[in-house]
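Take a look at the letters that make up each chain.
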Amino acid sequence: MTLKVEILGTGCKKCQQLEANAKEAIAHRQLDAEIAHITDTMEIVKRGVMKTPALVVDGKVLSQGKVLEAKDIEPLLPA
């Protein structure tokens, strides 16, 4: 099963860093994942996110308003 990972944010440096860290965590865990970057403000708000960047895995918001390191993202990913 492919994991669906989304980064919500305007595309700023912090958003890009969170995406890079998520990719690193996914690669380290050797998971099959599809990564998308959602930049549409209305879509972000519709998902209940008020602070960006946000990390969403399989439709669940796991963090918002901070850039998690890869080591902090790994435990949040499903086994």
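That block above? That's the structure.
Right, let's walk through the structure included here. Sequence order as written defines residue numbering, which begins from 1 separately in each chain. Totals for whole chains, interfaces and linings use all residues, but because this is a predicted model, local features are given only for residues with pLDDT of at least 70 and pairs of side-chain atoms are given and counted only at 80 or more. To get the side-chain values, take all heavy atoms of the structure and skip hydrogens and water.

**Section: the overall build of the protein**
Going by this rule: Numbering of helices and strands starts at the N terminus; helices are DSSP runs of H or I of at least 4 residues and strands are runs of E of at least 2. Note that the radius of gyration is over C-alpha atoms, with the globule rule given as 2.2 Å times the number of residues to the power 0.38. Exposure is judged per residue with a 1.4 Å probe applied to protein chains only, and the accessible area is read against the type maximum: over 50% gives exposed, under 20% gives buried, and values in between give partly exposed. Note on contacts: a residue pair is in contact if any heavy atoms of the two residues lie within 4.5 Å. For the accessible areas, the method is Shrake-Rupley and the probe is 1.4 Å, while residue cover comes only from the protein chains on display.
Within the protein one finds three helices and four strands. Shown N-terminal to C-terminal, the secondary structure of the protein runs as helices and strands in the order β-α-β-α-β-β-α. For the protein, the C-alpha radius of gyration of 11 Å lies close to 12 Å, the compact-globule estimate for 79 residues. Expressed as lengths along the three principal axes of its C-alpha atoms, the size of the protein is roughly 30 × 25 × 15 Å. The proportion of buried residues among the 79 residues of the protein is 34%. Counting only contacts in the protein whose residues sit at least 6 apart along the sequence, the fraction spanning at least 24 positions is 66%. Of the roughly 4800 Å² of accessible surface on the protein, a fraction of 51% belongs to carbon and sulfur atoms.

**Quick word on unusual backbone geometry**
Look at the link from Thr52 to Pro53: it is a cis peptide, with omega at 5 degrees. Positionally, Pro53 belongs in the loop between helix H2 (41-46) and strand S3 (54-57). Positive phi, close to 55 degrees, is recorded for Gln30, a residue that is not glycine. Inspection of the secondary structure puts Gln30 in the loop between helix H1 (13-28) and strand S2 (33-38). By relative accessible area, Gln30 is classed as exposed at 72%. Not every positive phi belongs to a glycine, and Asp58 is a case in point at roughly 50 degrees.

**Thoughts on the environment of His28**
Tracing the sequence through the fold places His28 in helix H1. With relative accessibility at 59%, the residue His28 sits in the exposed group. Sequence separation of His28 and Glu74 is 46 residues, and the distance between their C-alpha atoms is 8.2 Å.

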